[in-house]
Amino acid sequence: MAFSLHGFLLLCGISGLLTTGWCDTVNVPSCPKNWHRLGDRCFLVIEQSETFANAESTCQSLHGNLSSVRDNIEDAVVRALLAKSVGPSAVAWIGYNDIDMVKHVPMEGMFVWTDSATETFNDFNSGTAPANVDEDCVLLSAVETQEWEDVDCDFEAPFICSQTRSISTAKMAFTLRLLILFCGLSGLLTGVLGQTKKGYCPKGWTRLDNYCFIYQHDERTFADSESVCNILGGNLVSIRNRLENAIVREVIRHAAGTFEDTWIGLHDPIADYSYFWTDGTPNTFVDFATGQPDNIDGMENCVDIESGDEMWHDDNCGDMNPSVCVKHIHIMKH
């Protein structure tokens, strides 16, 4: 009787043979210690000040490069990391430059990334790369509203390294075939197609370290928004620090196209001003606007990030807003 691989997988699933084992091992490599993960990339802030060339050499010694910045979300995250590691007004090297690295001569205005990234995103004024003579390397500021600046490459500053930590499609396919064969022969088949997704965020979610974030466009009450996040395997977003606050704001901007009043998971349903997060995260960080929370008429027990100032406000839990969900990634131990 012909017996296909799909039939074998189905039979193993039905017969209870799908257990954990060798088939757990297909996973995106984790970031090194002290690095922060965003999607398929890892970032590290080095506080020691170096010239651009020395900073790039240090990043290469750590198996990376001075960081490229591919979009607004990465821009917000590296700025927040810099503020957290060095200070709220610090500046740091990123990998953008207009130097011919082979001939070591300027290419005025023709900026490239040291890691050969092809993304065209930049945060110069009006999006136009400058062509200033003798200012060929780029600094990024921890101040969110400050544009990138080209300066003399011999200036000494802290710097941000990055690595890409993804498995190539070909390598993944080859590994998957080997695992299916091995697990099938050994009787340890574990539901390979499901196991390979552990350690990943689902499609459409944004990853920061071990958390996944997603914007929900549909406007709902606070309670209904939490229920939808529960169905998706998470909760309304909890925010533990400035870094997470920055990425949540960028997730909103990126998904909505413009900033909208958006539910987060902070509320005080038991006693006024005794706030806690719906996922049980300790409430150790807040970003309320001046004069907030104000609990107008005693009816504002839930918190959103509002479009006017992108700060936290207490609001009526029955108001209809979009929301951001978060869920934790369970990293497999080997």
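Conventions adopted
- Residues numbered from 1 in each chain as written.
- Predicted model: local features only at pLDDT ≥ 70, side-chain atom pairs only at ≥ 80, totals over all residues.
- Heavy atoms only, no water.
- Helix = DSSP H or I, 4+ residues; strand = E, 2+ residues; numbered from the N terminus.
- Expected span 1.5 Å × (residues − 1).
- Buried < 20%, exposed > 50% of the residue type's maximum accessible area, 1.4 Å probe, protein only.
- Polar contact = N/O pair within 3.5 Å; in protein donor to acceptor, adjacent residues only side chain to side chain.
- Contact = heavy atoms within 4.5 Å.
- Disulfide = S-S within 2.5 Å.
- Core = buried A, V, L, I, M, F, W, Y, C linked by side-chain atoms within 4.5 Å.
- Lys, Arg positive; Asp, Glu negative; His and termini not counted.
- Salt bridge = Lys/Arg side-chain N within 4 Å of Asp/Glu carboxyl O.

Student: Would you take a moment to explain helix H7 (residues 242-256) for this structure?
Tutor: Each full turn of the α-helix corresponds to 3.6 residues, which orients residues three or four apart in the same direction. A rise of 1.5 Å per residue sets the reference length of H7, with its 15 residues, at 21 Å; its end C-alpha atoms lie 21 Å apart and thus fit the reference within 8%. Within the sequence span of H7, burial applies to Leu243, Glu244, Asn245, Ala246, Ile247, Val248, Arg249, Glu250, Val251 and Ile252. A side-chain oxygen of the first residue of H7 lies 3.1 Å from the backbone nitrogen of Leu243; this N-cap is Asn241. One or two residues past the end of H7 sits Gly257, with phi positive at roughly 85 degrees.

Student: Teacher, can you tell me more about the side chain of Glu244 here?
Tutor: Structurally, Glu244 is set in helix H7. With residues near it in sequence (within four places) discarded, Glu244 still touches Leu208, Tyr211, Ser238 and Ile239.

Student: How do you make sense of the environment of Thr206 when you look at a structure like this?
Tutor: Residue position: Thr206 is located in strand E11 (residues 206-208). For Thr206 and Val248, which are 42 residues apart along the polypeptide, the C-alpha to C-alpha distance reads 9.6 Å. Not counting residues up to four positions away in its chain, the partners in contact with Thr206 are Leu38, Ile73, Cys201, Tyr211, Cys212, Phe213, Ile247 and Val251.

Student: Can you walk me through the state of the cysteines in this structure?
Tutor: By definition, a disulfide links the sulfur atoms of two cysteine residues through a covalent bond. With the rule as written, the count across this model stands at 6 disulfides. At a sulfur-sulfur separation of 2.0 Å, the disulfide partner of Cys201 is Cys212. Where Cys201 bonds to Cys212 through sulfur, the torsion about that S-S bond is close to -95 degrees, and the disulfide is left-handed. On the criterion of sequence distance, the pair formed by Cys201 in the loop between helix H5 (192-195) and E11 and Cys212 in strand E12 (residues 211-220) is long-range, its members being 11 residues apart.

Student: How should I be thinking about the nonpolar core in this particular structure?
Tutor: Inside soluble globular proteins, nonpolar side chains tend to come together where they are buried. In this structure, Trp148, Ile239, Ile247, Val248 and Trp312 are the most contacted members of the largest nonpolar core, which totals 48 residues. Among the elements that make up this core, the one with the highest residue count is helix H3 (residues 72-85) (8 residues). Ile247 has contacts with Leu38, Ile73, Val77, Thr206, Leu208 and Phe213, leaving out every residue within four places of it along the chain. Core analysis: the next-biggest nonpolar cluster, separate from the first, contains 18 residues, Cys31, Leu66, Trp93 and Phe159 among them.

Student: So what exactly am I meant to see when it comes to the side chain of Arg207 here?
Tutor: Mapped onto the elements, Arg207 comes out in strand E11. As a buried residue without a salt bridge, Arg207 has its nearest oppositely charged side chain in Asp209, at a separation of 7.1 Å. Among the polar contacts listed, one links the side chain of Arg207 to the side chain of Asn210, at a separation of 3.4 Å.

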